[in-house]
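Fold and geometry: a report
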Amino acid sequence: MRIGVLGTGNMADALATHWVRAGHEVLLGGRDERRARDLAQRVGGGAGHGSLREAAGFGDAVLAALPYGAGAEVVAELRAPLTGKALIDCANPVGPGFRLLTEGGASAARRLAEAAPGAHVVKAFNLCHEDVWRMTPPVFDGLPLAVPVCGDDATALTRVAELVRDTGCTPLTGGGLDRAGLLEATAALYIGLWVGEGADVRAMAPPLAYATGPQAA
């Protein structure tokens, strides 16, 4: 698969490295093409570099590794080359006090979809710190990390599920793009518990076998 990456930060670095190792063609794009070149050299594996527009036009799938607030503005400028592409949104609209910045409004993912209406936006990879995505692979207590994925286009969801597997993780069907806001709210809650309380969020839910309570023998 050909993958364009918008942005040169930590999420771009971590995910692009997995995808290059899996044999995909990756082009990293940034406003500062020098930073994009330096990142391509760190990622290795023949990763290319260029402008944001070049990255948007390159990929069958495009990762928007952009901060909330900047993402919709950047994507609006690239709506033509993004048309028909799977556009992956990994942003978390979380502010001071672990507050959800989109509360009462459209999700970050929905705002990308409105900025580039021809793209097929998929919400994924937003629940973990970038250093978790640097793990090869992210496996805990023998279980691969599960990655919820939300979107409306079947082809885009299939492509993103493949990219999730290429990180060593398991894709989970999270529903349509209307449910992306739930993933973003979950991230706000998790980050507040992890960072603010030092809590292990895995302790909040019982194992699947007990999801509806103890089962009769």
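This report concerns the structure included in the present document.

What counts and how
- Residues numbered from 1 in each chain as written.
- Predicted model: local features only at pLDDT ≥ 70, side-chain atom pairs only at ≥ 80, totals over all residues.
- Heavy atoms only, no water.
- Helix = DSSP H or I, 4+ residues; strand = E, 2+ residues; numbered from the N terminus.
- Rg over C-alpha atoms; globule rule 2.2 N^0.38 Å.
- Areas by Shrake-Rupley, 256 points an atom, 1.4 Å probe, with all protein chains shown as cover.
- Lys, Arg positive; Asp, Glu negative; His and termini not counted.
- Charge placed at Lys NZ, Arg CZ, Asp CG, Glu CD.
- Phe/Tyr/Trp six-rings, centres within 6.5 Å; stacked < 30°, edge-to-face > 60°.
- Buried < 20%, exposed > 50% of the residue type's maximum accessible area, 1.4 Å probe, protein only.
- Pairing = 2+ DSSP bridges.
- Axes fitted to C-alpha atoms, helices over the stretch in contact; angles between N-to-C directions.
- Contact = heavy atoms within 4.5 Å.
- 1 Å grid on protein atoms, 1.4 Å probe; cavity = no way out; pocket = protein on both sides within 12 Å on 5 of 7 lines; lining within 4 Å.
- Points joined across faces, edges and corners; volume = space filled by probe spheres on them.
- Nonpolar A, V, L, I, M, F, W, Y, C, P; charged D, E, K, R; others polar.

Within the chain, the secondary structure is distributed over 9 helices and 12 strands. The C-alpha atoms of the chain give 17 Å as radius of gyration, which agrees with the globular expectation for 217 residues (17 Å, within 12%). By its C-alpha atoms, the chain is 60 × 40 × 35 Å across when sized along the principal axes. On the chain, roughly 10,500 Å² of surface is accessible, and the fraction owed to carbon and sulfur atoms is 53%. Positive and negative side-chain charges of the chain, numbering 19 and 23 respectively, have mean locations separated by a distance of 3 Å.

Across all of its chains, the model carries 3 aromatic pairs by this definition. A ring pair is formed by Phe125 and Trp133, whose centres lie 5.2 Å apart and whose planes are at 80 degrees; its orientation type is edge-to-face. Across the pair, exposure class does not vary: Phe125 and Trp133 are buried alike. Each member of the aromatic cluster is reached from another via a ring pair, and the members are Trp19, Phe125 and Trp133.

This part takes up the side chain of Thr102. Among the secondary structure elements, Thr102 is positioned in the loop between strand 7 (99-100) and helix 6 (108-115). Judged by its relative accessible area of 6%, Thr102 is buried.

Strand order in this open sheet of 8 strands is 3-2-1-4-5-8-11-12, and the pairing throughout is mixed. Taken across any chain shown, the strands that pair with only one partner, and hence form the sheet edges, are strand 3 (48-50) and strand 12 (170-173). Geometrically, the sheet is characterised by an average inter-axis angle of 25 degrees between neighbouring strands, direction not taken into account. Pairing between strand 11 (residues 146-151) and strand 12: 4 bridges, direction parallel. Looking at the pairing, Val149 lines up with Thr173 of strand 12. Running at roughly 165 degrees to strand 2 (residues 25-29), helix 1 (residues 10-21) makes contact with strand 1 (2-6), strand 2, strand 4 (61-64) and strand 5 (86-89) of the sheet.

So, about the layout of surface pockets. When its volume is computed, the largest pocket comes out at roughly 1,000 Å³. Along the walls of the largest pocket sit 21 residues, with Leu145, Ala146, Tyr190, Val201 and Arg202 positioned nearest its centre. Tallied by class, residues from the lining of the largest pocket come to 17 nonpolar, 1 polar and 3 charged. Put simply, the second largest pocket is a space of about 440 Å³. For the second largest pocket, the lining is made up of 17 residues, of which Met11, Cys90, Asn92, Cys128 and Glu130 are closest to its centre. Secondary-structure elements contributing two or more residues to the lining of the second largest pocket are helix 1 and helix 9 (180-197).

Here the focus is the pairing of strand 5. In summary, the side chains of a regular strand alternate between the two faces of the sheet. Residues of strand 5 alternate between two faces, with Ala86 and Ile88 on one and Leu87 and Asp89 on the opposite face, all of them buried. Here strand 4 runs beside strand 5; their pairing, made up of 4 bridges, is parallel. Across the sheet, residue Ala64 finds its bridge partner in strand 5, namely Asp89. Relative to strand 8 (residues 120-123), strand 5 runs parallel, the two sharing 4 bridges. Bridge assignment links Ala86 to a residue of strand 8, and that residue is His120.

Cis rather than trans, the peptide bond between Thr136 and Pro137 has omega equal to -5 degrees. Tracing the chain through its elements places Pro137 in the loop between helix 7 (130-133) and strand 9 (139-140). A positive phi angle, near 60 degrees, is found at Phe98, a position not held by glycine. When you line up the elements, Phe98 lands in the loop between strand 6 (94-95) and strand 7. Although it is not a glycine, Phe125 adopts a positive phi angle of roughly 65 degrees.

Limitation: the analysis is restricted to geometry and does not speak to function.
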